[in-house]
Amino acid sequence: MGVTLDEVRAQMGDCRRCMLCEGRTNIVFGVGDPHARVMVIGEAPGKNEDLQGEPFVGAAGKFLDELLTEAGLTRESVFIANILKCRPPGNRDPQVAEIEQCVPFLRDQIRAIHPDVLVTLGNFSTKFVLKTERGITGLHGTVQRAGRFVVVPMYHPAAALYDPSKREVLKKDFAMLGDLLEKIREMWGR
Ligand code: URA
């Protein structure tokens, strides 16, 4: 048996590996089904997530819930985590040193959950999972592979809050994810 999610959380403890610990209210470890077939990976907690200790509970999170419905999924049926587990001040971009300190926990979460499909939201998680420099504009809504995982990169739902034209693109891409999951169910019997 590999590592469990509880063990990964225990390893994090009251993490002080980078400066983000200074400003955080809560570590945002992740939420959902520990045996999910689909794992959704975002960027970093925002203000609401930091306060509540749960990923995607703000405006982008409400839209993510809607998008999951387009794919025939619910928040409870997937596992949602972020590249960074603590909120960067003022919601600035994650820094390389912070990512380096934090991603071993994400890697262990992926190992513990063992999903079939990783849905990466936005550039940071897509670049991390696919080890690519290609941007999300060219990759969103495509089906990729990383090792034994099927990877579906998506625009970050927050992008649609600033650019409403991305709303329909995201809905279409999540509907495609629903079709893909149906095919996987037929082929792999789950
Ligand atoms: N954006 C993210 O990438 N993650 C969250 O948890 C919230 C907003």
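Predicted model only: the values in this text are computed from it and were never measured.

(A) The arrangement of the overall build of the chain in detail. Counting its secondary structure elements, the chain contains 8 helices and 6 strands. Mapped from its N terminus to its C terminus, the chain presents α and β elements in the order α-β-β-α-α-β-α-β-α-α-β-β-α-α. Computed over its C-alpha atoms, the radius of gyration of the chain comes to 16 Å, within 12% of the 16 Å expected for a compact globule of 190 residues. Overall, the chain is about 45 × 45 × 30 Å in size when its C-alpha atoms are taken along their principal axes.

(B) Geometry of the pattern of salt bridges. Under the counting rule described, the total for this entry stands at 11 salt bridges. We note a salt bridge from R75 to D65, for which the minimum N-O separation is 3.0 Å. With a gap of 10 residues between them, R75 in the loop between α3 (59-70) and β3 (79-82) and D65 in helix α3 connect regions that are remote in the sequence. Looking at R75, the relative accessible area reads 14%, which means it is buried. D65 gets classed as partly exposed once you look at its relative accessible area, which sits at 30%. Here R92 makes a salt bridge to E98, at a shortest N to O gap of 2.6 Å. Looking at R92, the relative accessible area reads 27%, which means it is partly exposed. Salt bridges sharing partners connect three or more residues here, namely D14, R16 and R24.

(C) Quick look at the site of the ligand. The immediate surroundings of the ligand are formed by G42, E43, A44, E49, P55, F56, N82 and H156. At 2.7 Å from an oxygen atom of the ligand is found a main-chain nitrogen or oxygen belonging to E43. A distance of 3.1 Å is found between a nitrogen atom of the ligand and a backbone nitrogen or oxygen belonging to A44. About the coverage of the ligand: the protein hides 91% of its 240 Å² of free accessible area. Looking at the shell around the ligand, its residues break down into 3 nonpolar, 3 polar and 2 charged.

(D) Focus on the environment of H140. Counting through the fold element by element, H140 comes out in the loop between α6 (136-139) and β5 (144-146). Separated by 33 residues in the primary sequence, H140 and D173 place their C-alpha atoms 7.4 Å from one another. Every residue in contact with H140, bar those within four places of it in the chain, is listed here: P153, M154, Y155, V169 and D173. Within polar-contact distance, the side chain of H140 engages the side chain of D173 at 2.6 Å.

(E) Representation of the sheet that holds strand β2 (residues 38-42). Overall, mixed pairing links the 6 strands, which are arranged β1-β3-β2-β4-β6-β5 in an open sheet. Edge positions in the sheet fall to β1 (31-32) and β5, since each of these pairs with one other strand and no more. Strand direction decides the pairing type here: β2 and strand β4 (residues 117-121), joined by 4 bridges, are parallel. Looking at the pairing, V40 lines up with V119 of β4.

Each value, and the rule that gives it
- Residues numbered from 1 in each chain as written.
- Predicted model: local features only at pLDDT ≥ 70, side-chain atom pairs only at ≥ 80, totals over all residues.
- Heavy atoms only, no water.
- Helix = DSSP H or I, 4+ residues; strand = E, 2+ residues; numbered from the N terminus.
- Rg over C-alpha atoms; globule rule 2.2 N^0.38 Å.
- Salt bridge = Lys/Arg side-chain N within 4 Å of Asp/Glu carboxyl O.
- Buried < 20%, exposed > 50% of the residue type's maximum accessible area, 1.4 Å probe, protein only.
- Near = heavy atom within 4 Å.
- Polar contact = N/O pair within 3.5 Å; in protein donor to acceptor, adjacent residues only side chain to side chain.
- Areas by Shrake-Rupley, 256 points an atom, 1.4 Å probe, with all protein chains shown as cover.
- Nonpolar A, V, L, I, M, F, W, Y, C, P; charged D, E, K, R; others polar.
- Contact = heavy atoms within 4.5 Å.
- Pairing = 2+ DSSP bridges.

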